[in-house]
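# Notes for the structure review
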Amino acid sequence: GKDTVTLYYKDDVLLKQEVVTKFIVSKMEEKNPLELLKKTAQKTQEKMKDFIGKGIEIKTDYKDDVFTIAYTFDYTKIDMKKLKETIPGLNLRDDNTLGYSQFKEALINGGYKEK
C-alpha cells in the first residue's frame, strides 16, 4: 500500500491528521486480499468505534482494483485521554495535546518522506 499523510497544526500543536492508504488489490500476495483489507478496516472501525463521529472518521472504497482506506483524526474534537487508553503508545504532552514537530519526526523516522 501507499500512504499519504497530511498534518494540520498551529504553533507546535497537531490539530488534525488525514491518512489515505491505497492498495492495488491485484498486486497483493495474500490470499483473498480484498477480503483481508475489508476485515482489517472493519477491525479498525470496531477498535475506534467510541471515537467515530467524535473526531475520527474512517472511510473505505473499492474501485478499479484500488482499495482505499481514509482516516481523519481531528484532535480538537477527540477525548485525548480516552484515545491514549485505546492507543497506549500515543505520546501526549502534559496539556493532552500532540506535538506537531515530534509527531512529524516520528513519521520521518518511520520512513515517510516530506512533500
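A brief structural summary. (Residues numbered from 1 in each chain as written. Predicted model: local features only at pLDDT ≥ 70, side-chain atom pairs only at ≥ 80, totals over all residues. Heavy atoms only, no water.)

Looking now at the pairing of strand 4 (residues 66-74). Sheet topology places strand 2 (residues 13-24) next to strand 4; nine bridges connect them, and they run antiparallel. Note on strand 4: the bridge partner recorded for T21 is I69. Linkage of strand 3 (residues 56-63) to strand 4, two consecutive antiparallel strands, is achieved through a turn of two residues, within which D64 is found at a positive phi near 50°. (Pairing = 2+ DSSP bridges. Helix = DSSP H or I, 4+ residues; strand = E, 2+ residues; numbered from the N terminus.)

What follows deals with the sheet that holds strand 4. Reading across the sheet, the four strands line up as 1-2-4-3 and stay open at both edges, with antiparallel pairing between neighbours. Single-partner strands in this sheet number two, and they are strand 1 (2-10) and strand 3. Across the sheet, the mean angle separating the axes of adjacent strands is 10° when strand polarity is ignored. Across eight bridges, strand 3 lies against strand 4 in antiparallel orientation. Within strand 4, the position partnered with T60 by the bridge is I69. Taken strand by strand, helix 1 (residues 33-47) contacts strand 2, strand 3 and strand 4, and its axis lies near 15° from that of strand 4. (Axes fitted to C-alpha atoms, helices over the stretch in contact; angles between N-to-C directions. Contact = heavy atoms within 4.5 Å.)

Attention now goes to the pattern of salt bridges. With the rule as written, the count across this model stands at five salt bridges. In this structure, R93 engages D12 in a salt bridge whose closest nitrogen and oxygen atoms are separated by 3.4 Å. In this pair, R93 sits in the loop between helix 2 (80-86) and helix 3 (100-109) while D12 sits in the loop between strand 1 and strand 2, placing the two residues 81 residues apart along the sequence. Of the residues examined, D12 reaches a relative accessible area of 28% and is grouped as partly exposed. One salt bridge connects K49 with E46, and the closest N-O pair in it is separated by 3.1 Å. When its relative accessible area of 48% is taken as the criterion, E46 is described as partly exposed. (Salt bridge = Lys/Arg side-chain N within 4 Å of Asp/Glu carboxyl O. Buried < 20%, exposed > 50% of the residue type's maximum accessible area, 1.4 Å probe, protein only.)

Take the layout of surface pockets next. What the largest pocket holds in volume is close to 400 Å³. In this structure, the largest pocket is lined by 14 residues; those nearest its centre are V5, T6, K113, E114 and K115. Elements with a minimum of two residues in the lining of the largest pocket: strand 1 and helix 3. For the lining of the largest pocket, the element with the highest residue contribution is strand 1, accounting for six residues. Among the residues making up the lining of the largest pocket, the classes are represented as six nonpolar, two polar and six charged. Approximately 220 Å³ is the volume found for the second largest pocket. (1 Å grid on protein atoms, 1.4 Å probe; cavity = no way out; pocket = protein on both sides within 12 Å on 5 of 7 lines; lining within 4 Å. Points joined across faces, edges and corners; volume = space filled by probe spheres on them. Nonpolar A, V, L, I, M, F, W, Y, C, P; charged D, E, K, R; others polar.)

Structurally, K115 is set in the segment after helix 3. Considered as a pair, K115 and G55 are 60 residues apart in the sequence and their alpha carbons are 25 Å apart.

In this structure, I56, Y75, I78, L83 and L98 are the most contacted members of the largest nonpolar core, which totals 27 residues. Of all the elements in the fold, those that place two or more residues in this core are strand 2, helix 1, strand 3, strand 4, helix 2 and helix 3. In terms of residue count, the dominant contributor to this core is strand 4 (four residues). I56 has contacts with M48, F51, T72, F73, I78 and L83, leaving out every residue within four places of it along the chain. (Core = buried A, V, L, I, M, F, W, Y, C linked by side-chain atoms within 4.5 Å.)

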